[in-house]
Amino acid sequence: VQLVESGGGLVQPGGSLRLSCAASGFTFSSYAMSWYRQAPGKERELVARITSAGGNRNYADSVKGRFTISRDNAKNTVYLQMNSLKPEDTAVYYCHVRRSGDYWGQGTQVTVSS
């Protein structure tokens, strides 16, 4: 299993970013996918989750209405569209799949600052 995140960076408050996670080594379309984040000095937290066919999506209260998780099963990729970013969204964002254990990507840094 390999998960490779991309799309992080530095953005001003109120800005947008789109994260991508390219997956390989398993049948992507059969598994729910999640995005987590970890800010300095804090525990890793679930941001959003999408079921295998994309029919159900769940979000942390802190990002509801601002973030959207989606997936393209033909491209084995899951996305996180982040709008109206706030400084408190600053964190390393990780892609995750649970498949006979937990698998994580290497993470991508998102920094929201003026």
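So, here is what we can say about the structure in this document.

What counts and how
Residues numbered from 1 in each chain as written. Predicted model: local features only at pLDDT ≥ 70, side-chain atom pairs only at ≥ 80, totals over all residues. Heavy atoms only, no water. Salt bridge = Lys/Arg side-chain N within 4 Å of Asp/Glu carboxyl O. Buried < 20%, exposed > 50% of the residue type's maximum accessible area, 1.4 Å probe, protein only. Helix = DSSP H or I, 4+ residues; strand = E, 2+ residues; numbered from the N terminus. Core = buried A, V, L, I, M, F, W, Y, C linked by side-chain atoms within 4.5 Å. Contact = heavy atoms within 4.5 Å. Disulfide = S-S within 2.5 Å.

Considering the pattern of salt bridges
Inference 1: Summed over the entire model, instances satisfying the criterion amount to five salt bridges.
Inference 2: With its nearest N and O atoms 2.6 Å apart, the salt bridge here joins glutamate 45 to arginine 37.
Inference 3: On the basis of relative accessible area, arginine 37 is assigned to the buried category, the value being 6%.
Inference 4: Across the salt bridge formed by arginine 66 and aspartate 89, the nearest N and O atoms sit 2.7 Å from each other.

Quick notes on unusual backbone geometry
Inference 1: Positive phi values are uncommon outside glycine, yet asparagine 76 reaches one of about 50°.
Inference 2: Along the chain, the position of asparagine 76 falls in the loop between strand S7 (67–72) and strand S8 (77–82).
Inference 3: Although it is not a glycine, serine 84 sits at a positive phi angle of roughly 50°.
Inference 4: Tracing the chain through its elements places serine 84 in the loop between S8 and strand S9 (91–98).

A look at the nonpolar core
Inference 1: Ranked by internal contacts, the top residues of the largest apolar core, which has 28 residues, are Met33, Trp35, Val78, Leu80, Met82 and Tyr93.
Inference 2: Where this core is concerned, the elements lending two or more residues are strand S3 (17–24), strand S4 (33–38), strand S5 (45–50), S7, S8, S9 and strand S11 (108–112).
Inference 3: Not counting residues up to four positions away in its chain, the partners in contact with tyrosine 93 are Glu5, Leu19, Trp35, Tyr36, Arg37, Val47, Phe67, Leu80, Met82, Gly107, Thr108 and Val110.

Description of the state of the cysteines
Inference 1: Per the counting criterion, the structure on display carries one disulfide.
Inference 2: Note on cysteine connectivity: cysteine 21 is disulfide-linked to cysteine 95, with sulfurs 2.1 Å apart. Torsion about the S-S bond of the cysteine 21 and cysteine 95 cystine: about -85°, corresponding to left-handed handedness. Residue cysteine 21 is found in strand S3, and its partner cysteine 95 is found in strand S9; the two are separated by 74 residues along the sequence. In terms of burial, cysteine 21 and cysteine 95 fall into one category: buried.

Any functional reading would require information beyond the geometric quantities listed.
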